[in-house]
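Here's the letter readout for the chains.
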Amino acid sequence: MLLVSWSAFVLAPQLQLGGAKQVPVLNSTEVYPHTRPGEANQGLQVYRANGCAACHTEQVQQDGVACDVVLASAGKNPDAVSNLLATLTLRGLSQEAAQAVSDKITAAGGKVETHIVAVGPDIARGWGLRHSVAEDFLYDNLVQFGSLRIGPDLAGVGSRLPDANWQLLHLYAPQSVVKGSLMPPFRYLFTTRKIGAAPSPDALNLPKEFAPADGYEVVPKPEAKELVAYLLNLHADVPLYDAPFTPVVVAKP
Amino acid sequence: MTVNDKLDNKFGGASVPASQLDSSFAPPVDASCRVPLLVLFGGAALWLVVSSLLALAASLTFHMPDKFGDCSWGTYGHLQPAADDALLYGFCIPAGLGVALWIFARLGRTPLRGALVPVVAAHLWHLGVLVGLVGIFVGDSTGFAWLEFPRGGSALLFFAYLLIGLWALMNFSGRPAGAMFPSHWFLVAALFLFPWIYSTANILIVGWPVRGVVQAVIAWWFGNNLIFLWTSLVGLGAAFYFLPKFSGRPLQTYFYALFAFWTLFFFGSLRGVPSGAPVPAWLPTLGNLNSMLLIVPVIVIAIIGWKTVVGAAGPEGKDSSYSMIRFGFVAFVLSALLQVAMSCPQFARLTQFTWFGVAQTQLQLYGFFAITMFGAIHYILPRAVGIEFAFPKLIRVQQGCAMLGLIILVASLAAGGVAQGLKLNDPNVAFADSSKAMLMFLRASTTGLLLLLLASLLFALNIFAMIMAWHWSLVRAVFAAVVAPLPKTEVKA
């Protein structure tokens, strides 16, 4: 009995995933994932040591996929196409519906692209572009899935909030950047010291109510910088075979 | 011969030869377990208080998040895992081991030999818990839920468990031929289960880590096997011993128990990976299937409890051990039903990543297991030590605080979890609102934790008073031996 459950939940996953390799990114010659830089890897250890996973998950969920129909060019008869577009639903369609819509637009002379998008509350909140998959964690020697969302999911926080200074401010005084945040401040990852000959370039630019006394500055300890490097490195945002979506290329106006 | 000893003959030893049916075995058997039990239960009581304090402190961080930012050990990420582990490893496992040791000795009518080894091992165990908790606070946690203790602490725990388990099994194998009861199956299975899952998890996650998400799969498998299966086996093993003893009616029935045992073990061990996890889909699917099938043993176990207890004469007067063990039994059925519910896709979707899961774990660990252990320890310890509790009236108060606190804690977290889940699943609600929706429920849960702290303190008070009384009786015995007049035969003329 013990052997059955061990084989199913220890041996079998190891046989299936223990030799996993990088996988190709959809519609591209790139492979995924890449190892995290050293500082980010150390940051993962800071994340572990401080028990961040007690409040944050790193697993975006999705309910499924849907199709968005995007107009690529209006063709020779833009008025007819735009009149037609006004009557159609273009987002969140099933494959058949998307096909029907694009047929109509094509018949009117427009050119369309069909984009695959992930759907679900996590995706709608902007926590990620697709659900998390095993590949995202291939090179992490410590997988911090977490199980409770006291704070938001962090699987894609590097894409969502890519500003290192914002992250440092948020660690030092969460309420200074997110009003009413429940997150405890991590002031012990910073040093408050007298300003020397010149202010440190690392010193935090804090709002008044959170700033130290005059003549003092708050500088991050190495742990804080590593943690931020790790957070910024969290971006599971490429389409894969088991988690497809169409990357949105920002159109130039 | 007390009522309980009579019952012991009737139900504990139903298949023991008639010549052995007397109660004279009980006092020497109880006395042989005395010192190991005092060490196991004494340490457990201490860690229970520590755990309650830590859980309360962790809960307070939500009400004043700004106050805890200047030292690393004051953050929720340190306090909460430490509180959880102090409850599980500090209280639940040593209490369960002590109760198992005693039940083996009682059912097998065999005094525990070489009690020094479990005494040393129990000290090692508590030392391991101390090392592990300090490890969490200095940032040496492994980062996996229920497995946070760094390797020094977990190695100590592993060897201490092996020693105690070995002694329990030696005592078990020394029982008279044919003396095999339902409690035996559950407890023996649990004795084997822990070293197996604990070594696997520590070797493959901490020692020589496997790659990527397999770590998380093993951690989930371990967590479920320990939190759900191990506690269920030990708690039910104890309940199946005590319920017939108190109700005065044999376990209803042997075959139901046999069926429940195998189905619980099979379905209970093959699960743990939550749905939606970023792992191959067959893992959560297999886990959910088995969670759903848990309904089979749960129904059978509920029937066993019902038929054994309801309508039976019961002990004379109110017995708090009996009420606690019955309460624990009901909590088990509820907790297992919640597990079944959480395996249904719709409900899983609603409750995942919310406090609902925490509520279920608390119901299992505290509502079922810890309260069953309170009842068992309150029954066992006075018999093993031969001294009554110093504050017997406080046992009722302790019982009330534990039950009420637990109900408040679990109900508020479960209701809050559903409220939180509804908001999390609605993308039009800002995430911050889902956290804020929890605040009211978290305040209620803090009240529950306060009551649980009171219950822990009262429990520890009685246990520590008993340990003091026992030490004092030793001192008195030695003193009496020293000052006693010499027998006439030894007096030389």
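Keep in mind that what you see is a predicted model, and the values were worked out from it rather than measured.

Calculation criteria
- Residues numbered from 1 in each chain as written.
- Chains lettered and ligands numbered in written order.
- Predicted model: local features only at pLDDT ≥ 70, side-chain atom pairs only at ≥ 80, totals over all residues.
- Heavy atoms only, no water.
- Helix = DSSP H or I, 4+ residues; strand = E, 2+ residues; numbered from the N terminus.
- Rg over C-alpha atoms; globule rule 2.2 N^0.38 Å.
- Contact = heavy atoms within 4.5 Å.
- 1 Å grid on protein atoms, 1.4 Å probe; cavity = no way out; pocket = protein on both sides within 12 Å on 5 of 7 lines; lining within 4 Å.
- Points joined across faces, edges and corners; volume = space filled by probe spheres on them.
- Buried area = accessible area lost by both parts, 1.4 Å probe.
- Salt bridge = Lys/Arg side-chain N within 4 Å of Asp/Glu carboxyl O.
- Polar contact = N/O pair within 3.5 Å; in protein donor to acceptor, adjacent residues only side chain to side chain.
- Core = buried A, V, L, I, M, F, W, Y, C linked by side-chain atoms within 4.5 Å.
- Buried < 20%, exposed > 50% of the residue type's maximum accessible area, 1.4 Å probe, protein only.
- Domains from an automatic or database assignment.
- Axes fitted to C-alpha atoms, helices over the stretch in contact; angles between N-to-C directions.
- Parallel < 35°, antiparallel > 145°, perpendicular 65-115°, else oblique.
- Left-handed = near helix turned anticlockwise from the far one by under 90°.
- pLDDT = per-residue confidence, 0-100.
- Expected span 1.5 Å × (residues − 1).
- Phe/Tyr/Trp six-rings, centres within 6.5 Å; stacked < 30°, edge-to-face > 60°.
- Lys NZ or Arg CZ within 6 Å of the ring centre and 35° of its normal.

Helix and strand counts for chain B come out as 16 helices and zero strands. For 493 residues, the compact-globule formula gives about 23 Å, and the C-alpha radius of gyration of chain B, at 23 Å, lands near that figure. For the C-alpha atoms alone, the extent of chain B along its principal axes is close to 100 × 55 × 45 Å. Considering only residue pairs separated by 6 or more positions, chain B has 84% of its internal contacts joining residues 24 or more positions apart.

Within this model, the largest pocket holds a volume of roughly 770 Å³. The wall of the largest pocket is formed by 37 residues, among which A:His56, A:Gly151, A:Pro152, A:His170 and A:Met183 lie closest to the centre. Listing elements by their share of the lining of the largest pocket, those giving two or more residues are α6 (157–160), α7 (164–172) and α9 (222–232) of chain A together with α3 (34–63), α4 (76–108) and α16 (431–483) of chain B.

It is worth spelling out the interface of chain B and chain A at this point. Contact with chain B, which involves 70 residues of that partner, is made by 59 residues of chain A. Overall, the association of chain B and chain A removes approximately 5400 Å² of surface from exposure, summing both partners, and the carbon and sulfur fraction of that is 66%. Counting across the chain B and chain A interface gives two salt bridges. In this structure, B:Arg349 and A:Asp63 form a salt bridge, with 2.5 Å as the shortest nitrogen-oxygen distance. Our count for the chain B to chain A interface comes out at 24 residue pairs in polar contact (both at pLDDT 80 or more).

Moving on to the environment of B:Leu229. Residues and elements named next belong to chain B. Looking at the element boundaries, Leu229 is found in helix α8 (residues 214–247). Note: C-alpha distance between Leu229 and Phe267 (38 residues apart in sequence) is 9.5 Å. Non-local contacts of Leu229, meaning those with residues more than four positions away in its chain, are made with Leu193, Asn224, Leu264, Phe265, Gly268 and Ser269.

Moving on to the nonpolar core. B:Tyr89, B:Phe91, B:Phe222, B:Trp230, B:Phe242, B:Tyr366 and B:Leu381 are the most contacted members of the largest nonpolar core, which totals 211 residues. The biggest single contributor to this core is α8(B), with 23 residues. In contact with B:Phe91, not counting residues within four places along its chain, are B:Ala44, B:Trp47, B:Leu48, B:Ala86, B:Ala370, B:Met373, B:Phe374 and B:Phe459. The next biggest cluster of nonpolar side chains, apart from the first, holds eight residues, and it includes A:Cys67, A:Leu93, A:Ala98 and A:Ile105.

What follows deals with the domain arrangement of chain A. We note that the domain assignment places domain 1 (38–61 + 125–232) and domain 2 (64–119) within chain A. Between the C-alpha centres of domain 1 of chain A and domain 2 of chain A there is a distance of 41 Å.

All names here are of chain B. Running from amino to carboxyl end, α4 crosses helix α6 (residues 151–173) at an angle of 15°, the nearest separation of the two axes being 8 Å. Looking at the two axes, α4 sits roughly parallel to α6. Here α4 and α6 pass one another in a crossing that is left-handed. Packed against α4, whose contacting residues are Tyr89, Ile93, Leu97, Leu101, Phe104 and Ala105, the element α6 presents Leu157, Tyr161, Ile164, Ala168, Asn171 and Phe172 at the interface.

This part takes up the confidence of the model for chain A. Taken residue by residue, chain A gives an average pLDDT of 88. The fraction at 70 or more is 98%. Across chain A, element-level confidence peaks in α9(A) with a mean pLDDT of 95 and bottoms out in helix α3 (residues 78–87) of chain A with 83.

Within the secondary structure layout, A:Gln167 lies in helix α7. Leave out the neighbours within four places in its chain, and A:Gln167 touches A:Val157, A:Leu161, A:Val228, A:Leu231 and A:Leu232.

This part covers the pattern of salt bridges. Where side chains of opposite charge bring their charged atoms close, a pairing between them can arise. Residue and element names in this part refer to chain A. Inspection of the entire model under this criterion finds ten salt bridges over all chains. Taking the shortest distance from any N to any O, the salt bridge between Asp136 and Arg130 comes out at 3.0 Å. One salt-bridge network, held together by shared partners, links Asp122, Arg149 and Asp153.

Here we come to helix α12 (residues 320–342) of chain B. Working note: α-helix, 3.6 residues per turn, so residues spaced by three or four point in the same direction. With 23 residues, α12(B) extends 32 Å from end C-alpha to end C-alpha; this agrees with the ideal 33 Å at 1.5 Å per step. A side-chain oxygen of the first residue of α12(B) lies 2.8 Å from the backbone nitrogen of B:Ser321; this N-cap is B:Asp319.

Turning next to helix α7 (residues 182–207) of chain B. Its 26 residues give α7(B) an end-to-end C-alpha distance of 37 Å, which sits within 8% of 38 Å, the value for a rise of 1.5 Å per residue. Burial analysis of α7(B) places 20 of its 26 residues in the buried class, which makes it a mostly covered element.

What the rule picks out here adds up to 44 aromatic pairs over all chains. With centroids separated by 5.8 Å and ring planes inclined at 55°, the aromatic side chains of A:Phe186 and A:Tyr188 adopt a geometry described as tilted. With respect to class, A:Phe186 is no different from A:Tyr188; both count as buried. Taken together, a centroid distance of 5.3 Å and an interplanar angle of 90° make the contact between B:Phe347 and B:Phe356 edge-to-face. Taking relative accessible area as the criterion, B:Phe356 reaches 5% and is therefore assigned buried. One Lys or Arg, B:Arg326, reaches over the ring of B:Tyr322 and ends 4.1 Å from the middle of that ring.

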